[in-house]
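The lines below spell out each chain.
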Amino acid sequence: MSQEQKLIKIGSRDSQLAMIQTHHVRDHLLRINPNISCVIESMKTLGDKILDVSLSKIGSKNLFTKELEEALAQHCVHIVVHSLKDLPTSLPTGMIIGAVLKREDARDAVLVHPRFKGRKLAELPDGAVIGSSSVRRVAQLSRHYPGLVCESVRGNLNTRLRKLEQDDHYSAIVLAAAGVHRMGWKNKIVQYLESHECMHAVGQGALAVECLSSDEDTLSLLHSLCHTNTLLAAIAERTLMAALEGGCSAPVAATSKVGEWSITLKAGVWSLDGKEELTHEMTVCFPASGNTQPRLHGVYPSSNKYRSSVDRRIDTVLIN
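Residues numbered from 1 in each chain as written. Predicted model: local features only at pLDDT ≥ 70, side-chain atom pairs only at ≥ 80, totals over all residues. Heavy atoms only, no water.

By the naming in an unreviewed UniProt entry, the protein chain goes by hydroxymethylbilane synthase and is assigned to Hirondellea gigas. Quoted verbatim from the Sequence similarities (unreviewed entry) field of UniProt, the annotation for the protein chain is "Belongs to the HMBS family." According to the UniProt record, the Cofactor (unreviewed entry) comment for the protein chain reads "dipyrromethane". (UniProt positions renumbered as here; feature names shortened; annotations may be inferred.)

Here it is, written out as structure tokens:
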């Protein structure tokens with residue numbers, strides 16, 4: 001490392017998927033900023049350690065972030081990389097999302113046991129067990145596929161795939177398509193769940209980079225990673241989640257679409273058994289001007305030198 005290079009320490013969970021995602025962020029930073037060097041500090045979070053209890057029963061909203069944010073607070077790392085869907089809408093004091101990267105496929109995907117190769121959920125026999133650790137997925141799948149039985153399956157993606165393919169208990173598992181793609185398992189997907197069957201989690205498919213709000217140099221560095229349309233979608237979805245005070249224990253979902261001059265958000269809330277459903281969709285248009293500087297539920301897309309024409313669209317999402 002030359003004397004001119006700045007060393008950036010990146011915090012990450014130590015699962016294979018988390019490391020793939022963190023390497024993705026690191027590689028983007030290095031391509032755009034040749035005068036930096038990066039090292040990755042990996043660690044386990046509470047959610048990685050407690051595998052015998054369903055996520056909804058653990059009760060914490062920072063299952064996959066606490067240890068990373070502690071390292072950030074102690075200045076052991078400059079930034080931490082998260083799957084945005086794992087990041088609570090309320091961040092610790094002094095921490096913000098410095099960048100939201102371009103979203104991967106936000107849908108959920110179905111993988112099946114080898115004995116059901118090629119079959120979709122509607123083609124599985126009654127009583128087939130579907131593995132998912134998400135109450136959001138369970139509620140929606142129970143509503144649309146009442147003949148199937150949903151049961152919790154925990155562990156990282158490698159563990160869940162092994163439980164599916166090597167054991168005979170699960171007929172299928174449902175995972176975030178983005179994670180399956182990043183793991184290189186796209187050929188294992190037999191079905192993508194569209195929004196009329198299963199709306200995705202808030203922030204699903206996007207990566208977020210968290211840093212200290214006082215670290216202007218790092219904020220400026222992260223600016224180049226931010227994808228405007230994904231940021232706008234993330235703000236809309238996370239504002240919804242914050243208003244509902246939801247988390248991983250609540251069956252809340254959303255889909256959003258950002259156009260050139262508008263954004264459409266559809267949201268849904270279900271009873272745990274999926275029998276009761278409340279959905280709503282709205283579209284708002286972006287005005288021609290705007291000049292406020294909101295704090296965006298943990299997403300603060302700029303310091304004073306990090307504001308752009310996107311301001312008026314951000315303001316519109318929040319006001320409406």
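The next subject is the packing of aromatic side chains. By the definition in use, this model includes zero aromatic pairs. The ring of Tyr-192 is capped by Arg-107, whose NZ or CZ atom sits 4.2 Å from the centre of that ring. (Phe/Tyr/Trp six-rings, centres within 6.5 Å; stacked < 30°, edge-to-face > 60°. Lys NZ or Arg CZ within 6 Å of the ring centre and 35° of its normal.)

Along the chain, the position of Thr-239 falls in helix 9 (residues 228-244). Within the structure, the side chain of Thr-239 is placed 2.6 Å from the backbone oxygen of Ile-235, a separation counted as a polar contact. (Helix = DSSP H or I, 4+ residues; strand = E, 2+ residues; numbered from the N terminus. Polar contact = N/O pair within 3.5 Å; in protein donor to acceptor, adjacent residues only side chain to side chain.)

Let's shift gears to the environment of Val-284. Of note, Val-284 is situated in strand 13 (residues 277-285). Here Val-284 falls in the buried class, since its relative accessible area comes to 11%. Taking C-alpha positions, Val-284 is 5.5 Å from Ser-262, a pair spaced 22 residues apart along the chain. (Buried < 20%, exposed > 50% of the residue type's maximum accessible area, 1.4 Å probe, protein only.)

We now examine the sheet that holds strand 9 (residues 189-193). With mixed pairing, the five strands of this open sheet are ordered in space as 7-6-8-5-9. Looking at strand neighbours, the two that pair on one side only are strand 7 (149-151) and strand 9, the edges of this open sheet. Strand after strand, the sheet turns through a mean of 30° between neighbouring axes, direction not considered. As defined by bridge partners, strand 6 (residues 129-131) adjoins strand 7 across three bridges and the pair is classed as parallel. Among the inter-strand pairings, Val-129 is bridged to a residue of strand 7, identified as Val-149. (Pairing = 2+ DSSP bridges. Axes fitted to C-alpha atoms, helices over the stretch in contact; angles between N-to-C directions.)

With that settled, consider the sheet that holds strand 1 (residues 6-13). Within the open sheet, the five strands sit side by side as 2-1-3-10-4. Their pairing is mixed. At either margin of the open sheet sits one strand with a lone partner, and together these are strand 2 (36-43) and strand 4 (95-100). Each adjacent strand pair in this sheet contributes to an overall mean axis angle of 30°, direction not counted. With two bridges connecting them, strand 1 and strand 3 (residues 79-83) associate as parallel partners. Residue pairing across strands places Ile-10 opposite Ile-79, the latter belonging to strand 3. Along the sheet face, helix 1 (residues 16-32) touches strand 1, strand 2, strand 3 and strand 10 (207-212) and points at about 165° away from the line of strand 2. (Contact = heavy atoms within 4.5 Å.)

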